[in-house]
Structure formats: structure tokens, C-alpha cells
Amino acid sequence: MPDMQTAHSPMIRLHDLQVEFRVPGKRVQAVNGVNLEVGPGEVVALIGESGSGKSVTLRALMRLHPERTTHYAGTLEVAGRDVLKMGKRELAQLRGSSVAMIFQEPLLALDPVYTLGQQITEAIRQHAPVSRAEARARALRLFEKVRIPSPERRLDAYPHEMSGGMRQRAMIALALACEPQVLLADEPTTALDATVQIQILLLLRELQRELGLSIVFVTHDIGAAAEIADRMAVMYAGRIIEQGPAAELLTRPRHPYTRALLKSRSEGAMQKGRRLDTIQGAPPDLSRLPAGCAFAERCAFAAETCLGGQPEETRVGPEHSVRCWRLDELPAQGGPVQRAEPVNG
Amino acid sequence: MKPTHSARDPRDLGGPRQPLLSVRELKKHFPLKKTGLGLRGPRLAVRAVDGISFDILKGETLGVVGESGCGKSTTARLLMQLTPQDSGELVFDGLSLGSPGLSLRDYRRQTQMVFQDSYSSLNPRMTVEDSIAFGPTVHGVSQREALSRAHDLLARVGLEPARFAGRYPHELSGGQRQRVNIARALALEPRLIILDESVSALDKSVEAQVLNLLQDLKQAFGLTYVFISHDLNVVRYMSDRVLVMYLGEVVEVASADALFEQPLHPYTAALLRSMPTTDPLRRTEQAPLSGDPPNPIDPPSGCRFHTRCPDAQAICRMRAPVFGEAMPGRSVACLKYQPGSGYAASTIALKEVTHA
């Protein structure tokens, strides 16, 4: 339930968040200055390709990265509390009861040797002083809530006995066990069939409305994001290069990278016999990031200015912001936003 | 390297009208281990592919779609003969596989496959050029010629041979590895390539590059593709015809445009409606199908889709539809389109009117 005191302050506040992995001989700058706020009851989708830092950002919210090799900097607040300063016990309290996470592969996230009922009741009793019977009754209600058929019987099932869609529902039930205010979803529908994916998206939307959850939904699938998100943030090389309300970002994208991503999904883009527009090249190496805009070397509009330094966040609408040096020089919407590029010559 | 196919391929036996590969009543069941309780009962099996028949035409791209567990990948492995069928027949350009005219070895040279996982499908201890040259040397090409062919192919798939030939798979990105896999598949100059979710693991921008490459190669080498994917947008773009599978059976085959514009089978229609929109103002309000696909160990009686079908009638539970032509160029397995099946047709006519 959203806390009334914090109804007007954001549930999640990231300011200039940086996450660096230090391994011998190498420093991988996975997240390089992310600014993001998620309000109570808001659904924000983080979109990006692999290596863009979207999952690293998400896991940082619960400080799930190995402490020894990970270096954090910047501001990371959840429900007004500084996560980077938390001790072990505070962190354990945060995980589960304030913030919970669901993953892409429930079979790996769930424990194979305990029944689902045992796993959920354990989570409940870890955080609340209730009897075993009461915890089980709550688990049953959760199973009903996520619409698992014959829930009573399914509580005694092991993860491997269920289908992919049912396992994902069970993982959502487990995540909701301690009534978190924030749900973090890391590609929860990527491994599912389209027919099951839409069921899970609808379920998440319904739970979000009913429980007033804030959701951060990480995906590379713009379609899945469009089905669930109020706002969207597009990541590239560890930065949010554009964020705004979902409808606005999808219809009036400003950053050349967002435009190219969306263009590949737009109507007519996949016409038979027509070559697909591609973004040439590959994302930069996160251990050797360029000084300038990280997208510059793949960008059709790059100029000298783009190589000099990081573009600042520029507001282009009430909640819409973009990081691009050449924002004013970009052609208007509908113009040729992408040069047709032959693949590697 | 072969030139662009303007002249007829000397390996082409039956002419352009004869299907490149005819699949006849192909069946593959995977028996389950007997457990304590089931010892006396009938032997259970996963009915992964349950008697499917279709043709792959010369020069076409045949898309294959369906939910996981519908038998797409088992079909791919059967086509490639990586797993033997229980029954059924493969006829390649008029020659039955296993007959004196076509040994497995000859067939394998003409049929190649590209898998989903670009990393596990390459030998980690072999350089890229050795992986590509391996197939030809097995088939009797000299080491020198095989290596030179490997270099040509690397250039052809967009990887500069001087930079990439000596690398190992772990030194390449996912997109680059998949290009190597494509080059390896081409090394034996096959006529049919089976692409089993070959671009599914790639990022969208890389996926587009590889799809363009596949289209170019198809043109250049006169290839025929079987394109298996769960991404319906990509299947529509790539395919000439599309085959829809459900629980080990073929439920619909049609040209890609016809299938996407006017799906006949209720399952195809639901599958298409499950694709997410990119318009947040027109979000999906109700899931087109509820639940997961049923268990292929014990598929539903009658029409296998009746448990999830919005148009199911009592007859559908009892009677299995026969896969056949419902209108020219369109085949479907549904009692709705089967004359005299006992399906009360008036209700669909009514439904179609109210939907229009």
C-alpha cells in the first residue's frame, strides 16, 4: 500500500547513479549517471539492448550486485531512504518488504527443492510474526490473486511441476508476499510465449492498480513496455538518453537512437522485399567509454560537437527529457531519420 | 563460390514445381520413463510431432510459428535428421530419404541448420575458419580449398577474413557468432537451410542486420529457408508462406499475407491478437487466450485446441478435424471449415457479422 506520507515524494529517486564493476585489470562502467524518479503507483519501463545498463540499474535498487567488486556512486533512494548507506539488517528489511523483484527465468529464481507454498510461507514469516497456518492462508490468497487455477493443490507443487506461465504467476505471488510498495521486474515476460506474455502483462497491470504498486519494468521489447508503462526511459551505454510519458515517447521520440529503435517496429518498416533499416555498428565497450556521446559513432546526425563531452539532459516537454547535442538540428518527425546502411559493406 | 542463380542448378531434379522437401506423416513421440505407479499402465509419451505433412517449395521461405512445446524445434531436428522419426517420410526433390538415390550423407550436404544459441553451437576450441572448413573436409574437400572457401564465406557474411578467421567463438559478439554459424551452414553449398530461432537471441539492431544478410544470401545462392521463430513480426517479414503448429500438429498453412490479414483457424487468430501493440492508447484489454498450452503427453480429445478455443462447440470435443484445403491456397485443420463436420455453421456466420 502506498504510504500516505510519501504520496507526493517519489518512491524511487536516482540522481547521477553510477555503478562500476572492478575486476582485476578492468573497470566496467555499467551505469554512468542515471537520473530517474518513480512516483507511487507509477509504472516506468527501462528499455535498452543488452549491455545498456538497464538490468544493472534495476539490481542496484536492491543492492544485489556483489559488494566486493561493485562500486556505487551518486544518489539511490527508495521510499525516502538512502539504500547506499544501509547496513546488512536494513538491507534485509528493504528486500522483500519494501522492494521485491521478479526475474526472467522463474525456474532459476525459485528453489527447486521446496514447494511453492513452503517458499511463500517462509518469506511471509521472515518479515511478519504470524503462525504457520496464518502464513499459509495468506499464501493461498496470493495464489488466488495471481489467478493460479486450483491454488490449494498448487501450493504443494514444486516449481518444475508447473508450466512457464504458472511459474511466473507463482513468482509474482512470492514477490507480493510481504506487501512491497515497489516491484522490480527484470524481463519477466521475455521467456514466455506471446499468448502467455499478454496474460502476465495484464495481471501485472491489474495488481499494480489494485495494490498501488510502483513498478520498474526492464525489457528490450518495446511492445511489452507499451502494454504496461506510464513512462518510459531508454538506456544506452549506461545512461538514460531519453525519458518521457509512454504515449509521447512512442509517438514523438526525439533522440536519434530512440527514433531508430522505434522505426524498426513501426508500421511499414517490415515491408516484404524492403531492406530493414539497421543501426550500423555495435554499442561501445563499457570499459572504454568515449568522452563524448556514446551513440555518436553510430549516429546518422553526429557532428564534431558530439565527440567533445556528455550532452546534458534537456527538457523538451513537461516530463520529457533528452540527452543529445544536436537536438535543435535534428530533422522534424517523419523526415528521414536514418540513413539506409548496408551491413558491414 | 557459386554465382547468382540465373541458370538452373544442375542438382535440381524435378524442376521448379516439384517441392524441394515433402514431409509425409512425420511422427515423433518421446517415451517417458516408467515411474513406480505407472508400471502397469499404457506407456506414456510426449507426442512432440504427431503426424504432420507439408511441402517446402523451391526457393521459398516457409515460416513456422506456434507456442513453445508445439513441436517447432522437434520438427526442425527431424528435418535435419538430428533425431530419427518414429514414422513418416521425407522426400527431397523427388527422392525419398534413405532410398538408394539419396543417402543420409547426400541429404545432409544439401540441408543445413542454424541454431538459436550461437555460442553452444560452435566448438569453443576451434577457430572460426576451422569451424567453417570442418564440414567440407569431412565431405572430401581438401584442407586448403576448404580454408579458402571459409575465408570467402566469412567475407560474404560481413566478417573481414583477415581480422576474424583466426578468432575463437568467445572473442566474438553474439551477432558476429551467428554470422559465423551462417557461414558454416553455407560451407557445403546446401539448398535448404533450417533457421531455428536463429535471430531470437540477438538484440533488435543486430537482428535487423542478420535478417538483411539472410535475405541477401538467399538471393545470391538460390536458397530455400525454413524460418522458425516466435516473433510473428519477423516471420511475416521473412516468409512467403507460414505454417502454424499447435500441440504437435499443423493447424494452418497459408501465404504470409493471407494468414496475417485473415487468419482462418481460431488459434492463429488468437496468436496474432496476442502480439503486443506499440500504441499505449490502444492497449490489449483482454488476453486472447487463457492459460498455457495443454500437456502434449495427454493432448485433449477431438480437436486439440477445443479447450482454449473461443468458437468451440460440443462436436469439437469429440471429433478431430482433418487438415485440408478450405479455400484455394489455404489449408486449415478446423471443423468450422470442414463441410459436413457437424459444426453448426450458422453461429460463425452470425459472429462474423457482429464483428464486422
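Please read all numbers here as calculations on a predicted model, not as lab measurements. (Residues numbered from 1 in each chain as written. Chains lettered and ligands numbered in written order. Predicted model: local features only at pLDDT ≥ 70, side-chain atom pairs only at ≥ 80, totals over all residues. Heavy atoms only, no water.)

With respect to the overall build of chain A
The helix and strand inventory of chain A stands at eleven helices and twelve strands. Relative to the compact-globule value of 20 Å for 345 residues, chain A shows a C-alpha radius of gyration of 21 Å, a close match. The principal-axis extent of the C-alpha atoms belonging to chain A is close to 65 × 50 × 40 Å. Out of the 345 residues belonging to chain A, those deemed buried represent 54%. For chain A, long-range pairs separated by at least 24 residues make up 65% of all intrachain contacts whose partners lie at least 6 apart in sequence. Total accessible area on chain A is roughly 15,300 Å²; 51% of this is exposed by carbon and sulfur atoms. Side-chain charges of chain A comprise 42 positive and 40 negative groups, with the mean position of each set lying 3 Å from the other. (Helix = DSSP H or I, 4+ residues; strand = E, 2+ residues; numbered from the N terminus. Rg over C-alpha atoms; globule rule 2.2 N^0.38 Å. Buried < 20%, exposed > 50% of the residue type's maximum accessible area, 1.4 Å probe, protein only. Contact = heavy atoms within 4.5 Å. Areas by Shrake-Rupley, 256 points an atom, 1.4 Å probe, with all protein chains shown as cover. Lys, Arg positive; Asp, Glu negative; His and termini not counted. Charge placed at Lys NZ, Arg CZ, Asp CG, Glu CD.)

Some words on the overall build of chain B
For chain B, the helix and strand inventory stands at twelve helices and twelve strands. Here the C-alpha atoms of chain B give a radius of gyration of 22 Å, agreeing with the 21 Å that 2.2 N^0.38 yields for 356 residues. Seen through its C-alpha atoms, chain B measures out along the principal axes to roughly 70 × 55 × 50 Å. Placing the 42 positive and 37 negative side-chain charges of chain B at their respective mean positions leaves the two points 4 Å apart.

A look at the confidence of the model for chain A
Close inspection of predicted coordinates is inappropriate in any region flagged by low pLDDT. Residues and elements named next belong to chain A. Of all residues in chain A, 93% attain a pLDDT of 70 or more, and the chain-wide mean is 89. The model gives residues 1–7 a pLDDT under 50, and that stretch makes ten contacts with residues more than four places away or in other chains. Every residue in residues 334–345 scores below 50 in pLDDT, and together they form 20 contacts with partners more than four places removed in sequence or on other chains. (pLDDT = per-residue confidence, 0-100.)

With respect to the interface of chain B and chain A
When the parts come together, some accessible area is lost, and that loss is often what is quoted as the size of the interface. Between chain B and chain A, the residue contacts involve 37 residues of the former and 42 residues of the latter. Between chain B and chain A, a total of about 3,400 Å² is buried, with carbon and sulfur atoms accounting for 51% of that surface. The three residues of chain B that bury the most area against chain A are Tyr-237, Arg-283 and Asp-292 of chain B, which together make up 20% of that side's buried surface. At the surface where chain B touches chain A, the tally comes to three salt bridges. Put simply, Arg-275 of chain A and Asp-216 of chain B hold a salt bridge, and the shortest N to O gap is 2.7 Å. At the junction of chain B with chain A, the criterion picks out 19 residue pairs in polar contact (both at pLDDT 80 or more). Secondary structure elements with two or more residues in the side of chain B that touches chain A: α7 (204–221), α8 (232–238) and α9 (256–261) of chain B. With seven residues, the single largest contributor to the side of chain B that touches chain A is α7 of chain B. Residue classes in the side of chain B that touches chain A are distributed as eleven nonpolar, 14 polar and twelve charged. (Buried area = accessible area lost by both parts, 1.4 Å probe. Salt bridge = Lys/Arg side-chain N within 4 Å of Asp/Glu carboxyl O. Polar contact = N/O pair within 3.5 Å; in protein donor to acceptor, adjacent residues only side chain to side chain. Nonpolar A, V, L, I, M, F, W, Y, C, P; charged D, E, K, R; others polar.)

Some thoughts on the nonpolar core
Counting residues in hydrophobic clusters, the biggest one holds 61 residues, and the most contacted among them are Ile-132, Ile-182, Leu-214 and Leu-217 of chain B. Apart from residues no more than four positions distant in its own chain, Ile-182 of chain B is found in contact with Val-114, Val-157, Val-210, Leu-213, Leu-214 and Leu-217 of chain B. Formed by 44 residues, the second largest nonpolar core is a distinct cluster that contains Ala-135, Val-146, Cys-178 and Leu-211 of chain A. (Core = buried A, V, L, I, M, F, W, Y, C linked by side-chain atoms within 4.5 Å.)

Observations concerning the packing of aromatic side chains
All names here are of chain A. For the structure shown, the criterion picks out seven aromatic pairs over all chains. Ring geometry for Tyr-236 versus Phe-295: centroids 5.2 Å apart, planes at 80°, classification edge-to-face. Here Phe-295 lies in the loop between α11 (256–263) and β11 (313–315) and Tyr-236 lies in strand β9 (residues 231–236), a separation of 59 residues in the sequence. Side by side, Tyr-236 and Phe-295 carry an identical accessibility label, which is buried. A ring pair is formed by Tyr-257 and Phe-295, whose centres lie 5.1 Å apart and whose planes are at 65°; its orientation type is edge-to-face. Placement of Tyr-257 in helix α11 and of Phe-295 in the loop between α11 and β11 is noted, with a sequence separation of 38 residues between them. These aromatic residues form a ring-pair network of at least three members: Tyr-236, Tyr-257 and Phe-295. (Phe/Tyr/Trp six-rings, centres within 6.5 Å; stacked < 30°, edge-to-face > 60°.)

Regarding the pairing of strand β4 (residues 87–92) of chain B
Residues and elements named next belong to chain B. Looking at chain direction, strand β1 (residues 21–31) and β4 are connected through five bridges and run antiparallel. The partner of Ser-22 across the bridge, within β4, is Val-91. Sheet analysis places β4 next to strand β5 (residues 95–96), joined by two bridges and oriented antiparallel. Within β5, the residue paired with Val-91 across the bridge is Ser-96. Linking β4 to β5, which pair antiparallel, is a turn of two residues; within it Asp-93 sits at a positive phi near 50°. (Pairing = 2+ DSSP bridges.)

Remarks on the side chain of Asp-196 of chain B
Structurally, Asp-196 of chain B is set in strand β7 (residues 192–196). Summary of buried charges: Asp-196 of chain B has no salt-bridge partner, and the nearest side chain of opposite charge, Arg-77 of chain B, is 6.2 Å away.

Describing the layout of surface pockets
Taken as a whole, the second largest pocket encloses approximately 780 Å³ of empty space. Lining the second largest pocket we find 24 residues, and of these Met-162, Ser-163 and Gly-164 of chain A together with Asp-292 and Pro-293 of chain B sit closest to its centre. Those elements that place two or more of their residues in the lining of the second largest pocket are α6 (151–154) and α7 (164–176) of chain A. It is α7 of chain A that provides the largest number of residues to the lining of the second largest pocket, a total of three residues. A class-by-class count of the residues in the lining of the second largest pocket yields twelve nonpolar, seven polar and five charged. (1 Å grid on protein atoms, 1.4 Å probe; cavity = no way out; pocket = protein on both sides within 12 Å on 5 of 7 lines; lining within 4 Å. Points joined across faces, edges and corners; volume = space filled by probe spheres on them.)

Considering the confidence of the model for chain B
All names here are of chain B. Counting all residues, the mean pLDDT for chain B is 89, and 92% of those residues have values of 70 or more. Note that pLDDT drops below 50 for residues 1–6; the model gives that stretch 13 contacts with residues more than four away or on any other chain. The low-confidence segment residues 349–356 (pLDDT under 50) makes two contacts with residues lying over four places distant or belonging to another chain. Reported confidence for the predicted complex is 0.80 by ipTM and 0.86 by pTM.

Observations concerning the sheet that holds strand β4 (residues 70–78) of chain A
Residue and element names in this part refer to chain A. Spatially, β2-β1-β4-β5 is the arrangement adopted by the four strands of the open sheet, whose pairing is antiparallel. Lying at the two open borders of the sheet, with one neighbouring strand each, are β2 (26–38) and β5 (81–82). Relative to β5, β4 is paired through two bridges, and the arrangement is antiparallel. Bridging from a neighbouring strand, Glu-77 pairs with Asp-82 of β5.

Details of the sheet that holds strand β10 (residues 239–245) of chain A
Residues and elements named next belong to chain A. The strand order across the open sheet built from eight strands is β6-β7-β8-β3-β9-β10-β12-β11, with neighbouring strands paired in mixed fashion. Each edge of the open sheet carries a strand with a single partner, namely β6 (99–102) and β11. Sheet twist, expressed as the mean angle between neighbouring strand axes with direction ignored, is 20°. The pairing of strand β3 (residues 43–47) with β9 spans four bridges and is parallel. Residue pairing in the sheet places Leu-46 in a bridge with Ala-233 of β9. Sitting on the sheet, α7 touches β6 and β7 (182–186), and the angle it makes with β6 is about 170°. Across the sheet, helix α8 (residues 194–211) is in contact with β3, β6, β7 and β8 (214–219); its angle to β8 comes to roughly 160°. (Axes fitted to C-alpha atoms, helices over the stretch in contact; angles between N-to-C directions.)

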